[in-house]
Amino acid sequence: MKWRWEYLTVSEFEDAREKAERVAMIPIGSLETHGPHLPLGNDGLKIEKIADMVAQIEPVVVLPTLFYTQSYQAKLLPGALCIHSDLLTALLENICDEAYRNGFEKIVLLHGHGGNTPVMEGFLRLVADKAKPYAVYSIPPWAGLWELIDQIKETEDIGHACEMETSIALFLIPDAVNMEAAKGKIYKRREDLDVAPASTPVDWIANWPEGPLGNPSKATLEKGEKLVKKWVEVVVDSLRRIKKDKVVPELMRKLREVRYGKGGG
Ligand SMILES: [Zn+2]
């Protein structure tokens, strides 16, 4: 069965929505450098595949992937396309409002890019502040993968265009990976930013000026397969519990009462 919003016909759409128990999912990626060996759209390309695999196991209507997001620090390297926080927040609000208007009561944000975390936290606050008539759930990138990563990694530094992210890409988007370009490359942490415990707007790019971390040439298809299998399992499990969840909708209803009075909004 088809689950991607853009592929459904109008009659299939209503059937899919009901089979999905009125839950929609938005895969969220980015456009930014992923070293010489991975594509700029890596995060969106892979999270879209994860969402598709999840939907085949646990019904959910998958909205078109959001590639236009945030990667401020990556502006120092070619290929980043970064959307301002206020515009991105407004866009997400608009998309979720429209999903609700079409009958979806729960919306799951499925993240493939860690750099979006701050703006997503802001968006969750906006949903509560405006007492939206729907519930939003945000699943961070690599959710539930860290134990497995610790078991299979051969490289110390993990996080971006690294051994793990490259392994995932080898499994999900092999045609977009150029392992030749990763050969012999080892990305070491630069040590000259010394302001801890303060954080700064440029922590990542200060520590990793070329973008990637560690040793992506240690990536393998086998590691990628294990990571993807686990990732899908974790998201399916989370989605099932989200479908059952009554706490968030009830608290959102109470927030609407606070904002609009009983029976309002
Ligand atoms: Zn990435």
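To be clear, the structure that these remarks concern was listed above.
This one's a predicted model, so the numbers in the text were calculated from it and none came from an experiment.

Undergrad: Is there a simple way to explain the overall build of the protein chain in this structure?
TA: A count of helical and extended segments in the protein chain gives 9 helices and 4 strands. Along its sequence from the N terminus, the protein chain presents helices and strands in the succession α-β-α-β-α-β-α-β-α-α-α-α-α. Along the three orthogonal principal directions, the C-alpha set of the protein chain runs to about 60 × 45 × 30 Å. Burial statistics for the protein chain: of 265 residues in total, 48% are counted as buried. Excluding contacts between residues fewer than 6 apart, the proportion of contacts in the protein chain whose partners are at least 24 apart in sequence is 76%. Of the roughly 13,200 Å² of accessible surface on the protein chain, 55% is carried by carbon and sulfur atoms. In the protein chain, 34 side chains carry a positive charge and 39 a negative one; their mean positions are 4 Å apart.

Undergrad: In this structure, what is going on with the coordination of the zinc ion? I would like to understand it.
TA: Ideal donor angles around a metal are set by the shape: a four-donor tetrahedron calls for 109.5 degrees, a six-donor octahedron for 90 or 180 degrees. Here the zinc ion is held by the protein donor atoms His34 (NE2), Asp43 (OD) and Glu165 (OE), which lie 1.9 to 2.1 Å from it. Spacing between the donor residues of the zinc ion along their common chain follows H-x8-D-x121-E. Here histidine 34, found in the loop between strand E1 (23-28) and helix H2 (42-57), pairs with glutamate 165, found in helix H6 (residues 163-172); they are 131 residues apart in sequence, far enough to count as distant. Judged by relative accessible area, which is 3%, glutamate 165 ranks as buried.

Undergrad: What exactly am I supposed to notice about the packing of H2 against H6 here?
TA: Angle between the axes and distance between the axes are the two parameters that describe a pair of packed helices. Their axes nearest at 10 Å, the elements H2 and H6 cross at an angle of 60°. In terms of their interaxial angle, H2 and H6 are classed as oblique. Where H2 crosses over H6, the two elements pack in a sense that is left-handed. Where H2 abuts H6, its residues Asn42, Asp43, Lys46, Lys49, Ile50 and Met53 lie against Glu165, Ile168, Ala169, Phe171 and Leu172. For the contact of H2 with H6, the per-class residue count stands at 6 nonpolar, 1 polar and 4 charged.

Undergrad: For this particular structure, what's the right way to read the packing of aromatic side chains?
TA: Any aromatic ring pair is given by two values, namely how distant the centres are and how the planes are angled relative to each other. Going through the model one piece at a time under the given rule, you end up with 5 aromatic pairs. Taken together, a centroid distance of 5.7 Å and an interplanar angle of 35° make the contact between tryptophan 5 and phenylalanine 104 tilted. With tryptophan 5 in the segment before helix H1 (10-19) and phenylalanine 104 in the loop between helix H3 (85-101) and strand E3 (106-111), this pair connects stretches of sequence that are 99 residues apart. Judged by relative accessible area, which is 0%, phenylalanine 104 ranks as buried. Judged by centre distance (5.9 Å) and plane angle (70°), the rings of phenylalanine 13 and phenylalanine 104 are edge-to-face. Of this pair, phenylalanine 13 sits in helix H1 while phenylalanine 104 sits in the loop between H3 and E3, placing them 91 residues apart in sequence. Assessed through its relative accessible area of 10%, phenylalanine 13 is described here as buried. One aromatic cluster in this structure is built from Trp5, Phe13 and Phe104.

Rules behind the numbers
Residues numbered from 1 in each chain as written. Predicted model: local features only at pLDDT ≥ 70, side-chain atom pairs only at ≥ 80, totals over all residues. Heavy atoms only, no water. Helix = DSSP H or I, 4+ residues; strand = E, 2+ residues; numbered from the N terminus. Buried < 20%, exposed > 50% of the residue type's maximum accessible area, 1.4 Å probe, protein only. Contact = heavy atoms within 4.5 Å. Areas by Shrake-Rupley, 256 points an atom, 1.4 Å probe, with all protein chains shown as cover. Lys, Arg positive; Asp, Glu negative; His and termini not counted. Charge placed at Lys NZ, Arg CZ, Asp CG, Glu CD. Donors = N, O, S within 2.8 Å, 3.2 Å for Na, K, Ca; no water. Axes fitted to C-alpha atoms, helices over the stretch in contact; angles between N-to-C directions. Parallel < 35°, antiparallel > 145°, perpendicular 65-115°, else oblique. Left-handed = near helix turned anticlockwise from the far one by under 90°. Nonpolar A, V, L, I, M, F, W, Y, C, P; charged D, E, K, R; others polar. Phe/Tyr/Trp six-rings, centres within 6.5 Å; stacked < 30°, edge-to-face > 60°.

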